Amino acid sequence: MDIKTALATARAFLQEKEIETPRLDAEVLLAHVLRCSRAGLYANSHRQLNENELNRYKKLVEKRACGQPVAYLVGHKEFMGLDFTVSPAVLIPRPDTELLVETAVSLLKKSGAAEPLAVDVGTGSGAIAVSLAHFIPELHVLAVDVSEDALAAARQNARLHGVENRIKFLHGNLLEPVMEQYPGLKADIICANLPYVPSGDIPQLAREVKNEPITALDGGPDGLDFYRQLVPQAEKTIKPGGSLLIEIGPGQGKPALELFNNWSEAELYHDLGGRERLVAAQL
Ligand code: GLN
């Protein structure tokens, strides 16, 4: 079978299984098997696949048809223009979260601190911590997660992008390991993309999302349980004038802003799709 026929067959199969982007997914998976770009597939559309390539492709397409996310099947995902290794132990970085990173970078640049310190709570793949360290060369970061597997993934991504000497990885719940291991420490900025999906919405999540760690998604009855715990901890670990940035979902803007009644300022940001996505607060 040649590349062209394999792509057409996979695309028709994925379409039949109601995968949203059948053509794109068929291409990305085949490019992964053949270790080439998607454009490379079209440049060599008559090349024959050998048995091994065809078998590997079939297995991936079948897994995709069952709802496994493309990022887990190929083992990586682009975020902030950087390539991140991902596995089912971590939430796949979302384009929506680029808003948080961009806002954090601009706040840190404005603060003018010589050696600023950021904390990334619930770092997962390390997408936020690693991008911040990449875009701000003088930044030091503490990255926290309750999952050892996530910390291993985040460490690997830090090494991949050459920022491992500026990120310390801490195991534990929210800011507790920071307060225990660095008593009195005050951060310039704390970023958190914690689980914020209301428990009742979990059954309606897309098939793909259900393949991701539920512990990275379920935020309790209104989705804000983790942020309710985080905000008072952040009050003790942020410099006066420092910022806390939390990613939220649609409809959570008002209740999330109310968590910051003691703070000097809190602002709600919307993502490119016009949905409530971020609250940035200053102590
Ligand atoms: N934005 C994610 C989703 O809707 C949720 C991420 C989170 O809970 N932090 O799938």
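Student: So, the packing of aromatic side chains: which residues are in play, and what are the values?
Tutor: The tally for this structure, following the rule as stated, stands at two aromatic pairs. Consider the rings of Phe-79 and Phe-84, whose centres lie 6.1 Å apart with planes at 70 degrees: the pair is edge-to-face. Take Phe-79 and Phe-84: they sit in the same class, and that class is buried. Between Phe-260 and Trp-263, the aromatic rings sit 5.2 Å apart at their centres with planes inclined by 90 degrees, giving edge-to-face as the arrangement. Phe-260 sits in the buried class, given a relative accessible area of 3%. Take Trp-263: its relative accessible area is 6%, and that puts it in the buried class.

Student: Describe helix α4 (residues 51-65), naming the residues involved and giving the relevant values.
Tutor: Compared with the 21 Å implied by 1.5 Å per residue over 15 residues, the 21 Å span of α4 between its first and last C-alpha is a close match. Among all positions in α4, only Glu-53, Leu-54, Tyr-57, Leu-60, Val-61, Arg-64 and Ala-65 are buried. The buried residues of α4 occupy one face: seen down the axis, they fall within an arc of 140 degrees. For α4, exposure combined with an orientation more than 90 degrees from the buried face picks out Glu-51 and Lys-59. In the core, the buried residues of α4 are packed alongside α1 (3-16), α2 (22-34) and α5 (70-74). For α4, the side-chain oxygen to backbone nitrogen distance between the N-cap and Asn-52 is 3.1 Å, and the N-cap itself is Asn-50. One or two steps after α4, the chain reaches Gly-67, where phi turns positive at roughly 100 degrees.

Student: Which residues make up the side chain of Asp-145, and what values go with them?
Tutor: Structurally, Asp-145 can be placed in strand β4 (residues 140-145). The buried charged residue Asp-145 lacks any salt bridge, with Arg-155 as its nearest oppositely charged partner at 11 Å. If near-sequence neighbours (up to four positions away) are discounted, Asp-145 is found in contact with Gly-122, Thr-123, Gly-124, Ala-150, Leu-151, Leu-170, His-171 and Gly-172.

Student: Account for the packing of α1 against α4, with residues named and values stated.
Tutor: Each pair of packed helices gets described by two things: the angle between the helix axes and the distance between those axes. Direction vectors running N to C along α1 and α4 enclose 20 degrees, while the axes themselves pass 10 Å from each other. On the basis of the axis angle, α1 is roughly parallel to α4. In this structure, the crossing between α1 and α4 has a hand that is right-handed. Mapping the contact onto sequence places Ala-6, Leu-7, Ala-10, Phe-13 and Leu-14 in α1 and Tyr-57, Val-61, Glu-62, Arg-64 and Ala-65 in α4.

Student: Tell me what's going on with the pairing of strand β1 (residues 76-79), and back it up with residues and numbers.
Tutor: In this sheet, strand β2 (residues 82-85) lies alongside β1 in antiparallel orientation, the contact comprising four bridges. In the sheet register, Phe-79 faces β2, and the bridge partner there is Leu-82. Two successive antiparallel strands, β1 and β2, enclose a turn made up of two residues, where Met-80 displays a positive phi of approximately 55 degrees.

Student: For the site of the ligand, give the residues involved together with the corresponding values.
Tutor: The environment of the ligand is made up of Leu-91, Arg-94, Asn-193, Leu-194, Pro-195, Tyr-196, Val-197, Val-209, Ala-216 and Leu-217. Arg-94 has a polar side-chain atom sitting 2.8 Å from an oxygen atom of the ligand. Leu-194 places a polar main-chain atom, nitrogen or oxygen, 2.8 Å from a nitrogen atom of the ligand. When the ligand sits alone it has 300 Å² of accessible area, and the protein chains cover 87% of it.

Reading the values: the criteria
Residues numbered from 1 in each chain as written. Predicted model: local features only at pLDDT ≥ 70, side-chain atom pairs only at ≥ 80, totals over all residues. Heavy atoms only, no water. Phe/Tyr/Trp six-rings, centres within 6.5 Å; stacked < 30°, edge-to-face > 60°. Buried < 20%, exposed > 50% of the residue type's maximum accessible area, 1.4 Å probe, protein only. Helix = DSSP H or I, 4+ residues; strand = E, 2+ residues; numbered from the N terminus. Expected span 1.5 Å × (residues − 1). Arc of directions from axis to C-beta. Contact = heavy atoms within 4.5 Å. Polar contact = N/O pair within 3.5 Å; in protein donor to acceptor, adjacent residues only side chain to side chain. Lys, Arg positive; Asp, Glu negative; His and termini not counted. Salt bridge = Lys/Arg side-chain N within 4 Å of Asp/Glu carboxyl O. Axes fitted to C-alpha atoms, helices over the stretch in contact; angles between N-to-C directions. Parallel < 35°, antiparallel > 145°, perpendicular 65-115°, else oblique. Left-handed = near helix turned anticlockwise from the far one by under 90°. Pairing = 2+ DSSP bridges. Near = heavy atom within 4 Å. Areas by Shrake-Rupley, 256 points an atom, 1.4 Å probe, with all protein chains shown as cover.

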